[in-house]
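The chain contents come next:
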Amino acid sequence: MSWFRKLVPSKIRTVGGSKRNVPEGLWVKCDKCSAVLYRSELDRNFDVCPKCSHHMRIGARRRLELFLDEGSQQEIGTGLEPVDILKFKDSKKYRDRLNSAQKTTGEKDALVVMRGSVEGVPLVAAAFDFGFMGGSMGSVVGERFVRGINSCLEEKVPLICFSASGGARMQEALFSLMQMAKTSAALTRLSAAGQPYISVLTDPTMGGVSASFAMLGDINIAEPRALIGFAGPRVIEQTVRETLPEGFQRSEFLLDHGAIDMIVDRREMREVVASLLAMLTGQSAPAA
Amino acid sequence: MNLNFLEFEQPIAELEAKIDELTYIGDDADVNINDEIAKLKAKSEALTESIFSGLTPWQISQLARHPQRPYTMDYIIRIFTDFHELHGDRCFADDRAIIGGVARLEGIAVMVIGHQKGRDTKEKLERNFGMPRPEGYRKALRLMNMAARFKLPILTFIDTPGAYPGIGAEERGQSEAIARNLFEMAELKTPVICTVIGEGGSGGALAIGVGDRTLMLQYSTYSVISPEGCASILWKSAEKAEDAAEALGITSTRLKELGLVDRIIGEPLGGAHRDVDAIAGNIKQALAEELGQLTTASIDDLLENRYQRLMAYGEFTER
């Protein structure tokens, strides 16, 4: 590199190794428009870029904190933990992957479920943590989802689920696949009990999660520009050997093709969901 | 190399070729070589037995997609009578990767639905290699709802690499089509028996796989992802498919141990394709027995048992 360094004018040279005096994490760069954003401003804006409205991925707990009324939360299925029944080992052991995911996210598994309320409307809300092994669905995710539904049935309240998942968890093999059947079957009881289910698809919702409860909402909502589909774009490209159309498998594409009811900005999600639920459950308009 | 035999079967193929040769000579020679042929036949059988007694999951997954393996239609013509194929989803198209229709099983009217693969290149394309598009799942659902309405038990045959990953399939809602089937199959008011006859490829298989009983042919597989797909994601190399097949536990014996499959239907020596009539007979017997048990329960009990069975899927700990 030394010959190159000599060519570069001194004013644009940076001195290697010396750290600038900026605290870590104070500034964030938008993945979409590359604008440099002030962290606390972004926090106040629901992790949506104030410049280009790009919806950044957020964790399960943050999602529920943004969505539910303050102080109303009560978590469901906290004692459930994943087990490595198959002693699955690829380049890494499943147990080690679990441990590292639990450490980085602080969650036991990829779905967090809470009882709570939104603008005073009581409900059960579930949210995926994409940071936990790509939000993949294994036995604990399936069981927590079902317990969320059981809680809806007991309390006679609606269900909201925020999906963000790559699909079924390979390390739990066929047990994961069966979670698709389990979660979808549980929704038949919710439907029979006349309680609404709103599915919110966020970036990304693919594979086994998309092909089960995420597409089964009485109302399907998506966040703007979220990637949503069954097969991943790369798999499709390899299969059909053609370039995928612009915007393929994005929320707007799904809306055009009739797969979802609406696209809602994260900053308006609470208001829209509360309004919809109040109508579906025969309550007067929520006090906004 | 004989293409009708898999790589691990080549020693058997060589013996069989020798037997064929001798039989051919024997026809016009004066010497009696029948003894020799009988000896070779016994040897071939012993060899097949020894090879098949120690198959690895990867070898079984190759058998499950053996080019000669019987497909749904091969079984339908042997197991049922009065089969009338019914076509179309009434919305978009008739997906030839799934076939369905009414038929009789030992006189009892039933609805039969299954994935269908093609045998030659032309039929393979027509059947899209057994990979359904949304209209295939919607046709299946239409037929299943019709079956429930007329109190016909539903028998499904699973044999697919997976749901088709294509642009049109996504545009028409592949995810929704699969999800809808999972939801509605959970509460179909008629017995449902699902039999994996070849490849049970993930969501594309499960979309006609929710019911009261799951049966598997001995050398079929059922998996959340193909061994090749899993290897390329987790091992970053499709070459590791053999390891992935082992780790995923995709074989009938492993899945029975894990409690995910109710019954294994034994295959003839060398696999289903060696004696299609025999395996069809085994399937017919298993279906008749399971159906006999299921039809004794009331519909309410049947649905409650199905629900509890679905809710029991999963392994976790609770503190």
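Here, every reference points to the structure presented above.
Calculation notes
Residues numbered from 1 in each chain as written. Chains lettered and ligands numbered in written order. Predicted model: local features only at pLDDT ≥ 70, side-chain atom pairs only at ≥ 80, totals over all residues. Heavy atoms only, no water. Contact = heavy atoms within 4.5 Å. Buried area = accessible area lost by both parts, 1.4 Å probe. Salt bridge = Lys/Arg side-chain N within 4 Å of Asp/Glu carboxyl O. Polar contact = N/O pair within 3.5 Å; in protein donor to acceptor, adjacent residues only side chain to side chain. Helix = DSSP H or I, 4+ residues; strand = E, 2+ residues; numbered from the N terminus. Nonpolar A, V, L, I, M, F, W, Y, C, P; charged D, E, K, R; others polar. Core = buried A, V, L, I, M, F, W, Y, C linked by side-chain atoms within 4.5 Å. Buried < 20%, exposed > 50% of the residue type's maximum accessible area, 1.4 Å probe, protein only. Expected span 1.5 Å × (residues − 1).

S.K.: How should I be thinking about the interface of chain B and chain A in this particular structure?
M.R.: Where interface size is given, it is often the accessible area lost as the parts come together that is meant. Of the residues lining the interface, 46 residues belong to chain B; the matching set on chain A comes to 55 residues. Counting the surface lost from both chain B and chain A, the interface buries some 4,700 Å², and carbon and sulfur atoms represent 72% of this. Area buried by chain B at its contact with chain A is led by B:Ile167, B:Leu234 and B:Glu315, which between them contribute 14% of it. Taken together, chain B and chain A are joined by 3 salt bridges. Salt-bridge contacts for B:Glu304 lead to A:Arg189; the nearest nitrogen and oxygen are separated by 3.2 Å. Along the contact surface separating chain B from chain A lie 16 residue pairs in polar contact (both at pLDDT 80 or more). Looking at the side of chain B that touches chain A element by element, the count peaks at 8 residues for helix 8 (residues 174-185) of chain B. Residues of the side of chain B that touches chain A, tallied by class, amount to 28 nonpolar, 8 polar and 10 charged.

S.K.: Can you walk me through the nonpolar core in this structure?
M.R.: Soluble globular proteins tend to pack their nonpolar side chains together in the buried interior. With 113 residues, the main nonpolar core has A:Leu187 and B:Tyr222 as its most contacted residues. With 11 residues, the top contributor of residues to this core is helix 6 (residues 173-192) of chain A. If near-sequence neighbours (up to four positions away) are discounted, B:Tyr222 is found in contact with A:Leu174, A:Leu177, A:Met178, B:Val196, B:Gly200, B:Ala205, B:Leu206, B:Thr214, B:Met216, B:Ile250 and B:Leu255. Counting residues in each nonpolar core, the second largest holds 25 residues, with B:Tyr75, B:Leu105, B:Ile279 and B:Leu302 among its members.

S.K.: Looking at this structure, how should I read the pattern of salt bridges?
M.R.: For side chains of opposite charge, pairing can occur when their charged atoms come near one another. What the rule picks out here adds up to 42 salt bridges over all chains. Notably, a salt bridge pairs A:Arg115 with A:Glu155, separated by 3.4 Å at the nearest N-O pair. Pair noted here: A:Arg115 is in strand 5 (residues 111-118) and A:Glu155 is in helix 5 (residues 139-155), with a separation of 40 residues, a long-range link. Judged by its relative accessible area of 43%, A:Glu155 falls in the partly exposed class. Several salt bridges share partner residues, and in doing so they unite B:Arg65, B:Lys117, B:Asp159, B:Glu199 and B:Glu228 into one network.

S.K.: Just checking my understanding: could you explain helix 10 (residues 269-280) of chain A for this structure?
M.R.: Note: α-helices contain 3.6 residues per turn, so residues at a spacing of three or four share the same orientation. Residue and element names in this part refer to chain A. Relative to the 16 Å expected for 12 residues at 1.5 Å per residue, helix 10 spans 16 Å between its end C-alpha atoms, a close match to the ideal helical length. Here helix 10 has its buried residues at Met269, Val273, Ala274, Leu276, Leu277 and Ala278. Directly beyond the C-terminal end of helix 10, a positive phi value near 70° is found at glycine 282.

The values reported here are purely geometric and, on their own, carry no functional implication.
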